[in-house]
Amino acid sequence: MYLKVNSTRHTVLGTFRFGCVYKVNEKDAKARKVIKPLMEGDDAPLKRLTAKQVQAQSIKYLDLTGPANEDAGEEESEEDGD
């Protein structure tokens, strides 16, 4: 699931920063417990986006879904070493 942050929030998952879009594993119980209350209400701090919305608008997002994220930024460090 993709989340757009309308208001910065500090959670046990990390800090969700205003204006950023995050990809979160909605099947993770810990993530659901944190995210669900933040998506409720008229002025909710988090808004759910669909994959189609993210792709159609070419939105860049931060992936918080797990181990696939471990090597993020490795490509940049290899370039610096040359």
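Residues numbered from 1 in each chain as written. Predicted model: local features only at pLDDT ≥ 70, side-chain atom pairs only at ≥ 80, totals over all residues. Heavy atoms only, no water.

1. A few points about the sheet that holds strand S6 (residues 62-63)
Right, so step 1: Overall, mixed pairing links the 4 strands, which are arranged S5-S1-S4-S6 in an open sheet. The open sheet has two edge strands, strand S5 (46-49) and S6, and neither has a second partner.
Right, so step 2: Taken together, the 4 bridges between strand S1 (residues 2-5) and S5 define a ladder with antiparallel strand orientation. Residue pairing for S5: Tyr2 is matched across the bridge by Leu49. (Pairing = 2+ DSSP bridges. Helix = DSSP H or I, 4+ residues; strand = E, 2+ residues; numbered from the N terminus.)

2. Thoughts on the pattern of salt bridges
Right, so step 1: Throughout the structure, instances matching the rule amount to 1 salt bridge.
Right, so step 2: Linking Arg48 and Glu26 is a salt bridge whose minimum nitrogen-to-oxygen distance equals 2.9 Å. Placement of Arg48 in strand S5 and of Glu26 in the loop between strand S4 (21-23) and helix H1 (29-38) is noted, with a sequence separation of 22 residues between them. (Salt bridge = Lys/Arg side-chain N within 4 Å of Asp/Glu carboxyl O.)

3. So, the packing of aromatic side chains
Right, so step 1: All chains considered together, the criterion is met by 2 aromatic pairs.
Right, so step 2: Between Tyr2 and Tyr61 the ring centres are 5.0 Å apart and the planes differ by 75°, which places this aromatic pair in the edge-to-face class. Here Tyr2 is found in strand S1, whereas its partner Tyr61 is found in the loop between helix H2 (51-56) and S6, with 59 residues between them in sequence.
Right, so step 3: Given the relative accessible area of 12%, Tyr2 is considered buried.
Right, so step 4: Arranged with centres 5.0 Å apart and planes meeting at 90°, the rings of Phe16 and Tyr22 form a pair that is edge-to-face. Of the two residues examined, Phe16 and Tyr22, each falls in the buried class. (Phe/Tyr/Trp six-rings, centres within 6.5 Å; stacked < 30°, edge-to-face > 60°. Buried < 20%, exposed > 50% of the residue type's maximum accessible area, 1.4 Å probe, protein only.)

4. Describing the nonpolar core
Right, so step 1: Of all hydrophobic cores here, the largest spans 11 residues; its members are Met1, Leu3, Val5, Phe16, Tyr22, Val24, Ala31, Val34, Ile35, Leu38 and Leu46.
Right, so step 2: Listed by contribution, the elements that provide at least two residues to this core are S1 and H1.
Right, so step 3: Sorting elements by how many residues they give to this core places H1 first, with 4 residues.
Right, so step 4: The contacts of Val24, once residues within four sequence positions are left out, are Met1, Leu3, Phe16, Ala31, Ile35, Leu64 and Thr65. (Core = buried A, V, L, I, M, F, W, Y, C linked by side-chain atoms within 4.5 Å. Contact = heavy atoms within 4.5 Å.)

5. Some thoughts on the pairing of S1
Right, so step 1: The sheet contact formed by S1 and S4 spans 3 bridges and is antiparallel. Residue pairing in the sheet places Leu3 in a bridge with Tyr22 of S4.

6. Here we look at unusual backbone geometry
Right, so step 1: At Ser58, a position not held by glycine, the phi torsion is positive, near 50°.
Right, so step 2: Residue placement: Ser58 occurs in the loop between H2 and S6.
Right, so step 3: With relative accessibility at 59%, the residue Ser58 sits in the exposed group.

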